[in-house]
Amino acid sequence: MAKAISHCPLVPTPSQPSAWCGGGCKGASWRNFFGVWQEGGAPFSSARVPLSSARRKGPHSASSYHTGALGLVLGHPFDTVKVRLQTQTTYRGIIDCMVKTYRHESLLGFFKGMSFPIASIAVVNSILFGVYSNTLLALTATSHQERRAQPPSYRHVFIAGCTGGFVQVYCLAPFDLIKVRLQNQTESRARPGSPPPRYRGPVHCAASICQEEGPRGLFRGAWALTLRDTPTLGIYFVTYEWLCRQSAPDGQNPSSATVLVAGGFAGITSWAVATPLDVIKSRMQMAGPKHRVYRGVLDCMARSARQEGLGVFFRGLTINSARAFPVNAVTFLSYEHLLRWWG
Ligand SMILES: C[N+](C)(C)CCCC[C@H](N)C(=O)O
């Protein structure tokens, strides 16, 4: 199979069918939508394509899978510290939060709430990149050859990114809520005699929320998540695309180093813009039926700013940037590898 990888891998090729492009596209399939384009711009499931598929295709795809999964695991402790800083007022800063977490909960405390993100990231990213790719395809409607010479405009990349961000939220929201609730449980499991945590695990957490708040409870904070992710995923893809084009202006494939740097900066840039709404989202997710403290996004913003000052909107930004660079660098690198070695 020709290695027809377009200049930027996030640009879909019209030679490939789209689930969304109506009569013009033939042979659309779920396989295409969920992450396996054989040429050019493909949506992908981050680095986390089904392992069986990755293995079928040999060491490169398999290593892509493992690298991406590893990135997620290594990034999770940073995410836990970020979430705690954003939602709890007991910590004086990053180091204080790390020390207290380690002392009370041991290293395991940093990995609370990790199983659902690992289980769901493949689906969430497939939706994100699938919708992104298909939207771009519908917007640009140029042939593969034309697109190599004329990459899509940043406006189209932005719109496609926003669309992908908007759609993936409804899959991400319940998983993210459960992650945040579990990350915020500071009870130690290791210490005998310490009070049991409210949720015994992700499934128990989901069941309890459904029972206490109804199934809609699983979507607590979803509106803030939508406001956070829709524009910032547009920014994410535009940053990646822009940085790739700076270093490979002639339609060549960007080098691995370029991909790592562009992916890392795409992560940091989008998180920098997303942080204020990330704080609000996490706070709203923590507000249960017993303490329904916020009337909505604006109320949460106003109360947080009044009580804690404007700095509250940037809580967790430093630690999240430290996490975002490597996580998104390997995410995009894995994606490139998938494209190059698949088929
Ligand atoms: C758009 N927003 C900034 C919210 C996220 C962009 C990066 C998403 C990536 N999976 C990560 O966890 O870093």
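Identification of the protein chain as Solute carrier family 25 member 45 from Ailuropoda melanoleuca is taken from an unreviewed UniProt entry. Under the UniProt heading Sequence similarities (unreviewed entry), the entry covering the protein chain gives this text: "Belongs to the mitochondrial carrier (TC 2.A.29) family." Its UniProt record gives the protein chain the following Subcellular location (unreviewed entry) comment, quoted word for word: "Mitochondrion inner membrane".

## A short note on the environment of Gly 71
Here Gly 71 shows up in helix α3 (residues 59–87). According to the relative accessible area criterion, Gly 71 is buried, its value standing at 12%. Once the C-alpha coordinates of Gly 71 and Thr 331 are considered, the two residues, 260 residues apart in sequence, prove to be 7.9 Å apart. If sequence neighbours within four positions are ignored, Gly 71 has contacts with Val 327 and Val 330.

## Focus: unusual backbone geometry
Although it is not a glycine, Ser 106 sits at a positive phi angle of roughly 65°. Tracing the backbone shows Ser 106 in the loop between α4 (94–105) and α5 (115–140).

## Some remarks on a nonpolar patch on the surface
There is a patch of nonpolar side chains on the surface, built from Phe 166, Val 167, Tyr 170 and Phe 219 and spanning about 360 Å² of accessible area. Within the element layout of this structure, Phe 219 appears in the loop between α8 (202–213) and α9 (222–247). Under the relative-accessibility criterion, Phe 219 is labelled partly exposed at 34%.

Quick notes on the rules
Residues numbered from 1 in each chain as written. Predicted model: local features only at pLDDT ≥ 70, side-chain atom pairs only at ≥ 80, totals over all residues. Heavy atoms only, no water. UniProt positions renumbered as here; feature names shortened; annotations may be inferred. Helix = DSSP H or I, 4+ residues; strand = E, 2+ residues; numbered from the N terminus. Buried < 20%, exposed > 50% of the residue type's maximum accessible area, 1.4 Å probe, protein only. Contact = heavy atoms within 4.5 Å. Patch = residues over 30% accessible without salt bridge, like charges linked within 9 Å, V, L, I, M, F, W, Y side chains within 5 Å. Areas by Shrake-Rupley, 256 points an atom, 1.4 Å probe, with all protein chains shown as cover. Salt bridge = Lys/Arg side-chain N within 4 Å of Asp/Glu carboxyl O.

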